[in-house]
Amino acid sequence: MQVRTRFAPSPTGFLHIGGARTALFSWAYAKHHDGKFILRIEDTDVARSTPEAVQAIMDGMHWLGLDYDEGPYYQMQRMDQYKVMIQKMISEGTAYYCYCSKEELDALRESQMQAGVKPRYDGRWRPEAGKVLPPAPADTPPVVRFKNPQSGVVAWDDMVKGRIEIANEELDDLIIARADGTPTYNFCVVVDDWEMGITQVIRGDDHVNNTPRQINMLKALGATIPQYAHLSMILGDDGQKLSKRHGAVSVMQYHEDGYLKAAVLNYLARLGWSHGDAEVFSMQQFCQWFDLHHITPSAAQFNTEKLNWLNAHYIKEMPLAELAVDITQRLANMAVTVHVAPDLQAVLGLYRERANNLNQLARDIAYFYSEPQAAAADIEKHITPEIKPVLAEFLIKLEALAWHAEAIHTLMNETVTAHQLKFPKLAMPLRVMLIGIAQSPSIDQVMAILGKEKSISRIKAYLN
RNA sequence: GUCCCCAUCGUCUAGAGGCCUAGGACACCUCCCUUUCACGGAGGCGACCGGGGUUCGAAUCCCCGUGGGGACGCCA
């Protein structure tokens, strides 16, 4: 049987890190089994769903390269199917009308909470053999409830948590259609997973409590029960739960914040899943390995430091031409225009070894294309009155030099030797003059790439 | 409150009864490299939540605690 997995977000916000990982795992599982990955938008909460959120989710998936084979399907466009199913269940006696008002239900819940029992519908409108139902009130439009079995247990072998059993006594008759006739989440999921032929339901573990209800409905419908895999959640860097109010950001924010998608993907894959000691791997490799085994059942805390480390790794690995395209854009965002010279790829080749963030990398090399502005403290510390004559002499020789790193290095060596100075005495002021800060790769290499003209003019500017 | 889930270094994790004196990675510390800052290299620090069983033997299996989380909606 062909594997079919799905990612089913509700479009009430952006694609956050937890959703992205769920999508990634579903996607990878389908890829691993040569199956299909389906995107389904669960937009039945009309009040909170927005087209912008749909777009944001698709943007996030697109950035990460989580392409879907089918969809997006929109639940709001499948109302007819749900209504057919609801009618079918009513006529078959596996669902029934309930005329309780919201107030009535609230009161019931309240009293149950107070009594210390699990709040649940008491089945007052549930038809039973020999039971006399109250007359239907004319002014209350009914909801439809699923007639959940009252005895026995629902059990499934969760692919990440193992066997889970829940007694039917714990479950009540959930509402599958609202008073206005629209179906509710749990019901739509059941119909969709069935009709779309989903073989593995991979989702967050906040859904384990929905699973027994869904299985019961699937059974009532005579549907095949898919396999379930419930992924634990991702906690923030501080160990706290991620929420709109606290730390949950869009995956696109990582792009803006200077992260490579390869790093984010690799990091997410490794969060709650492992393959022996493997830490760094491609998505191709991941899909080959990923079979839903070795997923950690416990919650995982996000660790930005490790993401940074992976980011550094992928910045080094990436083809220079590709890196150049990305950095050009980031420089443009900083109002810095990349010119033909110095050659951006050469600059990046020199600088990327030390970077773990694309924005940082862009900032580090901005001075190749814009005028540096050194801090007064650095100027005072490094460009001392004592060194200025040495620099002036160095500058004259520099002007006559054949411009390449080795020659510059040799000249620097000769200069410090002649004046009995330590190498940094010359290198540090050059850094400040040439790029505005005291940290850089080998300054001779920086000069070689910066170019003779710019190097000389920037030094001169300090020697008047 | 009721039900469900979870529990190995600070963090992500390896571990499916003996291979464990518990392995790897990030972070941290030390040293090396060095032209500053990084990169890199070599070392180091550092954990099986507690208590009972089962067993010749338990991080691994069972039970009970404890702690954390989730769910209990005409939200998804």
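Above: the structure in question.
Residues numbered from 1 in each chain as written. Chains lettered and ligands numbered in written order. Predicted model: local features only at pLDDT ≥ 70, side-chain atom pairs only at ≥ 80, totals over all residues. Heavy atoms only, no water.

K.L.:
Can you tell me about the state of the cysteines, naming the residues and giving the values?
P.N.:
Inspection of every chain in the model, using the stated rule, returns zero disulfides. Cysteine Cys100 is unpaired, with the sulfur of Cys98 as its nearest cysteine sulfur at 3.7 Å. Looking at Cys100, the relative accessible area reads 7%, which means it is buried. (Disulfide = S-S within 2.5 Å. Buried < 20%, exposed > 50% of the residue type's maximum accessible area, 1.4 Å probe, protein only.)

K.L.:
Tell me what's going on with helix H5 (residues 185–195), and back it up with residues and numbers.
P.N.:
Within H5, eight of the 11 residues are buried, leaving the element largely enclosed by the surrounding structure. All buried positions along H5 are accounted for by Asn186, Phe187, Cys188, Val189, Val190, Val191, Asp192 and Asp193. Residues of H5 that are buried make contact with strand E1 (4–7), strand E2 (36–41), helix H3 (79–92), strand E8 (175–177), strand E9 (200–204) and helix H6 (211–221). Gly197, located one to two residues past H5, shows a positive phi value of around 65°. (Helix = DSSP H or I, 4+ residues; strand = E, 2+ residues; numbered from the N terminus. Contact = heavy atoms within 4.5 Å.)

K.L.:
Mind laying out the packing of H3 against H5, listing which residues take part and the relevant values?
P.N.:
H5 packs onto H3 with a crossing angle of 105° between their chain directions and a minimal axis gap of 10 Å. Our classification of the angle between H3 and H5 gives roughly perpendicular. Contacts between H3 and H5 involve Gln81, Tyr82, Met85, Ile86 and Met89 from the former and Phe187, Cys188, Val191, Asp192, Trp194 and Glu195 from the latter. For the contact of H3 with H5, the class distribution of residues is eight nonpolar, one polar and two charged. (Axes fitted to C-alpha atoms, helices over the stretch in contact; angles between N-to-C directions. Parallel < 35°, antiparallel > 145°, perpendicular 65-115°, else oblique. Nonpolar A, V, L, I, M, F, W, Y, C, P; charged D, E, K, R; others polar.)

K.L.:
Please provide a residue-by-residue account of the protein's contact with RNA strand B, values included.
P.N.:
Around RNA strand B, a shell composed of 60 residues is seen, among which Gly116, Arg178, Arg354, Ser440 and Asp444 lie nearest. Of what RNA strand B places within 4 Å of the protein, 68% of the atoms are sugar or phosphate. Backbone polar atom of Arg270 to a sugar or linking oxygen of RNA strand B: 3.1 Å apart, as the coordinates give it. Residue Ser274 places a side-chain N or O atom 2.9 Å away from a phosphate oxygen belonging to RNA strand B. For the surface near RNA strand B, the secondary-structure elements that each account for two or more residues are helix H4 (102–114), H5, strand E12 (300–301), helix H10 (304–317), helix H17 (423–435) and helix H18 (443–450). At five residues, the largest contribution of residues to the surface near RNA strand B is made by H17. Partitioned by chemical class, the residues of the surface near RNA strand B number 20 nonpolar, 19 polar and 21 charged. (Near = heavy atom within 4 Å. Polar contact = N/O pair within 3.5 Å; in protein donor to acceptor, adjacent residues only side chain to side chain.)

K.L.:
Report on the packing of aromatic side chains, specifying residues and quantitative values.
P.N.:
Scanning the model with the defined rule gives 14 aromatic pairs in all. With 5.6 Å between their ring centres and 85° between their planes, Tyr351 and Phe368 make a pair best called edge-to-face. Separated by 17 residues along the polypeptide, Tyr351 in helix H12 (residues 344–351) and Phe368 in the loop between helix H13 (358–365) and helix H14 (376–382) bring together distant segments of the chain. One exposure class covers both Tyr351 and Phe368, and it is buried. Three or more aromatic residues link up through ring pairs in this structure, and these residues are Phe25, Trp273, Phe281, Phe286, Trp289 and Phe290. (Phe/Tyr/Trp six-rings, centres within 6.5 Å; stacked < 30°, edge-to-face > 60°.)

K.L.:
I'd like a rundown of the side chain of Asn357, residues and numbers included.
P.N.:
Position of Asn357 relative to the elements: it lies in the loop between H12 and H13. Relative accessible area serves as the criterion here: at 13%, Asn357 is assigned to the buried category. Only 2.8 Å separates the side chain of Asn357 from the backbone nitrogen of Asn359, close enough to count as a polar contact. With residues up to four places along the chain from it excluded, the contact list for Asn357 reads Asp257, Gly258, Tyr259, Asn311 and Ile315.

K.L.:
Describe in detail the nonpolar core, supporting the description with residues and values.
P.N.:
The biggest cluster of nonpolar side chains holds 100 residues, and the ones touching the most others in it are Leu24, Phe286, Ile365 and Leu430. Residue contributions to this core peak at nine residues, all from helix H1 (residues 17–32). Excluding its chain neighbours within four sequence positions, the residues that come into contact with Phe286 are Leu24, Phe25, Ala28, Ala269, Trp273 and Phe281. In terms of nonpolar packing, the next biggest core, distinct from the first, is built from 32 residues, Ile90, Cys188, Val191 and Leu221 among them. (Core = buried A, V, L, I, M, F, W, Y, C linked by side-chain atoms within 4.5 Å.)

K.L.:
Pulling in residues and values, what's your account of the pairing of E1?
P.N.:
Neither face of E1 is left uncovered, since the one carrying Arg4 and Arg6 and the one carrying Thr5 and Phe7 both have all their residues buried. The pairing of E1 with E2 spans four bridges and is classified as parallel. Residue Arg4 lies in a different strand from E2, and its bridge partner there is Lys36. After leaving E1, the chain enters H1 and then returns to the sheet as E2, a path that is right-handed. (Pairing = 2+ DSSP bridges. Right-handed = clockwise from strand over helix to strand, strands pointing away.)

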